[in-house]
Amino acid sequence: MIPIVAVPPVPQKGFPSVTSTFLSVPLSLYVHWPWCVRKCPYCDFNSHESVPQEATYLDALIADLEAALPLIWGRPIISIFIGGGTPSLMSGATVDALLAALRMRLPLLPEAEITLEANPGTVEAARFAAYRDAGVNRLSLGIQSFADAKLAALGRIHSGDEAQRAIEIAQKHFERVNLDLMYALPEQTLPEAQRDLATAIATGVSHLSAYHLTLEPNTPFHHAPPPLPDDDLAADMQDMVEETLATAGYQHYETSAFAKPRQQCQHNLNYWGFGDYLGIGAGAHSKLSDHTGIRREARPRHPKDYLADPVTRQWQPVTTEDLPGEFMMNALRLTDGVPLAWFSERTGLPLSAIEKSALAGRQEGLLEVVDNRLRPTPQGRRFLNRLITLFLDA
Amino acid sequence: MKAPILAPLSLFWYLSVQHIRNFSIIAHIDHGKSTLADRIIQRCGGLSDREMEAQVLDSMDIERERGITIKAQTAALQYKARDGKIYNLNLIDTPGHVDFSYEVSRSLSACEGALLVVDASQGVEAQTVANCYTAIELGVEVVPVLNKMDLPQADPDGARQEVEEVIGIDATDAIPCSAKTGMGVEDILEAVIARIPAPRGKLDAPLKALIIDSWFDNYVGVVMLVRVVDGSLKAKDKIKLMSTGTVHLCEQVGVFTPKSLPRPELRAGEVGFIISGIKELQAAKVGDTVTLVDRPATEALPGFKEIKSQVFAGLYPVESNQYDSLRDALEKLQLNDASLHYEPEVSQALGFGFRCGFLGLLHMEIVQERLEREFDQDLITTAPTVVYEVLMRDGSVVQVENPAKLPDSQKAEEIREPIITTKIFVPQDYLGAVIMLCESKRGSQVNMAYHGRQVQLTYDMPMAEVVMDFFDKLKSVSRGYASLDYEFKEYRAADVVKLDVLINTEKVDALSLIVHRANAPYRGRELASKMRELIPRQMYDVAIQAAIGSTIVARENVKAMRKDVLAKCYGGDISRKKKLLEKQKAGKKRMKQVGSVEIPQEAFLAVLRVGGK
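Residues numbered from 1 in each chain as written. Chains lettered and ligands numbered in written order. Predicted model: local features only at pLDDT ≥ 70, side-chain atom pairs only at ≥ 80, totals over all residues. Heavy atoms only, no water.

Participant: So what exactly am I meant to see when it comes to the overall build of chain B here?
Facilitator: Counting secondary structure elements, chain B contains 15 helices and 34 strands. Computed over the C-alpha atoms, the radius of gyration of chain B is 27 Å, within 12% of the 25 Å expected from 2.2 N^0.38 for a compact globule of 613 residues. Oriented by its inertia axes, the alpha-carbon framework of chain B measures out at about 90 × 70 × 50 Å. Counting across all 613 residues of chain B, residues that qualify as buried make up 54%. When the accessible area of chain B is evaluated, it comes to approximately 27000 Å², of which 50% is carbon and sulfur surface. (Helix = DSSP H or I, 4+ residues; strand = E, 2+ residues; numbered from the N terminus. Rg over C-alpha atoms; globule rule 2.2 N^0.38 Å. Buried < 20%, exposed > 50% of the residue type's maximum accessible area, 1.4 Å probe, protein only. Areas by Shrake-Rupley, 256 points an atom, 1.4 Å probe, with all protein chains shown as cover.)

Below, the structure is given as structure tokens:
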């Protein structure tokens, strides 16, 4: 449970203050691993194909964390997410050393969720047991598809068979496993998408993320788009995904996230609930509240720059104008939305700041307030971009 | 020969006027008028190289220094000819487009001669021909010049032959030149002196000065460029504009070199400017005659016409709260464009806006572009329409400038539409396609004449058809080789109907059109189908219908968008994703909300885009 203390905020000029409540805003830790064996043509994350420098990077992460400690002093950590890149390129020993170092410096809640992202290759699967022993309690596998032709089109280096075996091994060691899947893949048909999904469901994993493949700017796919299904077919696929997963007992709790009961990803829920997070590692972002307001931080993106100086960070305050939009970009992704009170608690702004936009959203049938929760209507979930733009100061 | 007996002042004038040459340049767009004008100005020392550049790049600064707006190609120049004498050459600018043929005729009537500039690599174009005919009709001496001789594909003999065949003037002495390299510029100046007559006129007659052009200057008010035909004028004279009878005090006279240079006096034969504290450009109409209050001319110079708007369109702000800002912009624009007319109008679909009158489609495009670029206006422009005359059953005649206001057919006896005579020049290869196009636009052939490889087609056509998309189609069927000139002929009874567009069953008044009954169903189908392409998918289905009265003639459907959502958003993504959404929001701002449907700006002009493959 996330503790909430509802104290009326004191509106101030300039940047909003969340003095009275910031200690009650949950805090997560994100650790970024910036290397991949091969960069996929659709990926716009901060990943690099250079040779990983495992030991040096571990030292840098610790130095980074120590420099950041004054910003989060005394606040418990509710979850850790080790993402990338391909964090499963790390040896079990490195992950063990990393988590030991984190535990020594941070008040980690005993039940904290600790997720590691893994590639479903043969080499990585051999390390899953060691990750479990190090303290990782949730594994997220980047499956994308079980069809070899689709995996090749996506530039993935694993095969469908490898993926199946990796899931088996993962489930041997972890109760909580997530599979990342993508649909609307190059030249994909509806039956093909159905087969991928059925294969995933048959494994019985507790969590599935099903993403519509998106052409992100600054990726090879964006420059030279592959032949993708048209909008209507892609929407048919999404309908199919949602119906099939509902039948199989998965709750659709966020735009692209599906979970068996009580198996939602706590770390991501904290992002979407506009909670705080400290990000360490190359290119990692933080969002932190304190008595002066809310700040966003970013580490140097390139591993070379980060390793040269892991402690100096770019930061900037989130302005009053930006806060409603940023809050809604996260909160309204959740099927159930968020308690209305969280808006003031986590932005420091009065509800009047969003009154006009919220009314417009309701007018258009995109937004509703039910049981004191602010949540998107089914139509609002489909047209989330439109709903969010109502809250943007542009 | 006996010299006439003259007073000393007149004698001096008589001698000096022999050294004046007033001329303009007739050329098709891109055939090098500006470059040649610049070369001539440069050769005559009107501007140094540095100023030449400054004139182009930094005219605002010059304006500030001199206090008067400079028109680059109107210049009083001094040229020392090969005979050793110094001549005063007045180069008079002419506007370059078919919409401005009246202004062209006024500029030409202020001259004794004109250089006909023909691109030696491309030959004669319709517009050049039309202007050249105007010049010949006005008794202006035409001196052909073959430009772009530096190009390898230049064909001077072909171009000469074409000038002779098409225009019917002797081109044996056509002067080869290259405005780009400067070749032949001096030969041109010598020809101006040798072949163009000196001005005639009477210094001692009452003042008659022709307004060639007028514009608004922020510092001094309206500046009038005039050609003094008879008499003379100096500062402190009381002047009268003969079309309106309004009286003003002449504050300053002078010439452009092209820098403005005050002079004590302007005299018969000369070209120069008058500043007289006029605040409104409409008061100084091009073609009007200026005379003196104390000793007025008995009749004005011939040829003055009140120019009427030929094409009307609605201009609306995309955001209704920008109405005042649009009105201010139009007000400012009108200061410098007397041919722009506007009045407030209300549309059910678009709210408050203006019905604007233009000289033609190009003029409309210029105004639209200036409003957007110079005044930063986000505009919805409705489809252009011509002015219809409606004879009502009660015998009255109503002018209709807005399709939505076409009277009910029960009350109308007859609807009349404007007919124009168009002259089209087209190479033989494209003749068939152009004839088919003209016929499809309800044109009736008046004449067809072969001039070498060129054909001159004359068609009477309903102006409404030309206004819609004729220029673009003409260009496309002739691969850009056909050129066109037109003039108003008459109003003729026509079987036209109002075509309405309904969005989600609501009639959108701003999308109504007046079309010929025979074309109406086809037009409706084309229009609806084009609108379907232009209206983006929205959260709900959008039904587009075209209707004549209560009969639906076309139906299209924009299927609802299925989803609009970002697949991923986690902690680090936020700023990038936000930029994406902000862009989306900015895009929506440029659309007009009509009922629950968002219609992009270009959809209101969809009718101009139909059939353009």
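Participant: Whenever I open this one, the pairing of strand β16 (residues 289–292) of chain B confuses me. Can you help?
Facilitator: It is a general feature of regular strands that their side chains alternate between the two faces of the sheet. All names here are of chain B. Here β16 shows no split at all, with Thr289 and Thr291 on one side and Val290 and Leu292 on the other all buried. In this sheet, β16 lies alongside strand β7 (residues 208–217) in antiparallel orientation, the contact comprising 2 bridges. The residue bridging leucine 210 from the neighbouring strand is threonine 289, located in β16. One ladder, built from 3 bridges, connects strand β10 (residues 238–241) with β16; its direction is antiparallel. Across the sheet, the residue bridging to isoleucine 239 is leucine 292, located in β16. (Pairing = 2+ DSSP bridges.)

Participant: Quick question: what am I supposed to make of the nonpolar core here?
Facilitator: Nonpolar side chains in soluble globular proteins tend to be buried together. All names here are of chain B. Core analysis: the biggest nonpolar cluster contains 86 residues, and Leu371, Ile424, Phe470, Ile503, Met531 and Ile544 have the highest contact counts within it. The leading source of residues in this core is helix α12 (residues 463–477), at 7 residues. For isoleucine 544, the residues in contact, after removing those within four places along its chain, are Val501, Leu502, Ile503, Ala528, Met531, Arg532, Ile535, Ala554, Arg555, Glu556 and Val558. (Core = buried A, V, L, I, M, F, W, Y, C linked by side-chain atoms within 4.5 Å. Contact = heavy atoms within 4.5 Å.)

Participant: Sorry, what's going on with the packing of aromatic side chains here?
Facilitator: All names here are of chain A. Within the structure shown, the criterion is met by 19 aromatic pairs over all chains. The ring of tryptophan 315 carries arginine 295 above its face, with NZ or CZ at 3.8 Å from the centroid. Just above the ring of tryptophan 342 sits the side chain of arginine 346; from NZ or CZ to the centre is 3.7 Å. (Phe/Tyr/Trp six-rings, centres within 6.5 Å; stacked < 30°, edge-to-face > 60°. Lys NZ or Arg CZ within 6 Å of the ring centre and 35° of its normal.)

Participant: For this particular structure, what's the right way to read the confidence of the model for chain B?
Facilitator: Do not read the fine detail of predicted coordinates wherever pLDDT is low. Residue and element names in this part refer to chain B. Counting all residues, the mean pLDDT for chain B is 87, and 92% of those residues have values of 70 or more. Scored below 50 in pLDDT, residues 54–72 makes 36 contacts in the model with residues more than four places away or belonging to other chains. With a pTM of 0.73, the predicted complex shows an ipTM of 0.88. (pLDDT = per-residue confidence, 0-100.)

Participant: Explain the sheet that holds strand β13 (residues 338–339) of chain A here, please?
Facilitator: Remark on secondary structure: sheet strands pair via backbone hydrogen bonds, oriented parallel or antiparallel. Residues and elements named next belong to chain A. An order of β13-β15-β14 is seen for the 3 strands of this open sheet, with the pairing classed as antiparallel. The strands lining the two open edges of the sheet, one partner per strand, are β13 and β14 (367–370). The sheet contact formed by β13 and strand β15 (residues 373–376) spans 2 bridges and is antiparallel. Residue pairing across strands places valine 338 opposite leucine 374, the latter belonging to β15.

Participant: Help me understand the interface of chain A and chain B in this model?
Facilitator: Interface extent is often summarised as the accessible area lost during association of the parts. Each partner contributes residues to the interface: chain A has 40 residues there, and chain B has 28 residues. For the pair chain A and chain B, the summed buried area comes to about 3500 Å², and 52% of that belongs to carbon and sulfur atoms. Ranking the residues of chain A by area buried against chain B places Met329, Phe383 and Asn385 of chain A at the top, with a combined share of 19%. Scanning the region where chain A abuts chain B turns up 10 salt bridges. Among the salt bridges present, the one from aspartate 232 of chain A reaches arginine 562 of chain B, with a minimum N-O distance of 3.7 Å. (Buried area = accessible area lost by both parts, 1.4 Å probe. Salt bridge = Lys/Arg side-chain N within 4 Å of Asp/Glu carboxyl O.)

Participant: What am I meant to see in a negative patch on the surface here?
Facilitator: Among the surface-exposed residues, Glu164, Glu165, Asp170 and Asp173 of chain B lie close enough to one another that they form a single negatively charged patch. Mapped onto the elements of the fold, aspartate 173 of chain B is located in the loop between α7 (156–167) and β6 (175–176). (Patch = residues over 30% accessible without salt bridge, like charges linked within 9 Å, V, L, I, M, F, W, Y side chains within 5 Å. Lys, Arg positive; Asp, Glu negative; His and termini not counted. Charge placed at Lys NZ, Arg CZ, Asp CG, Glu CD.)

Participant: Is there a simple way to think about the sheet that holds strand β5 (residues 141–147) of chain B in this case?
Facilitator: All names here are of chain B. The mixed open sheet is built from 6 strands, whose spatial order is β2-β3-β1-β4-β5-β6. This sheet does not close on itself; its edge strands, each paired only once, are β2 (75–80) and β6. Inspection of the sheet shows strand β1 (residues 20–27) paired to strand β3 (residues 86–92) by 5 bridges, in the parallel sense. Within the sheet, the bridge partner assigned to phenylalanine 23 lies in β3 and is leucine 91.

Participant: Would you take a moment to explain the side chain of aspartate 44 of chain A for this structure?
Facilitator: Relative to the assigned elements, aspartate 44 of chain A resides in the loop between β1 (27–33) and α1 (54–68). Judged by relative accessible area, aspartate 44 of chain A falls into the buried class, the value being 14%. A polar contact is formed between the side chain of aspartate 44 of chain A and the side chain of arginine 576 of chain B, at a distance of 2.5 Å. Once residues within four sequence positions are removed from consideration, aspartate 44 of chain A is found in contact with Lys39, Glu216, Pro217, Thr219 and Arg301 of chain A together with Arg576 of chain B. (Polar contact = N/O pair within 3.5 Å; in protein donor to acceptor, adjacent residues only side chain to side chain.)

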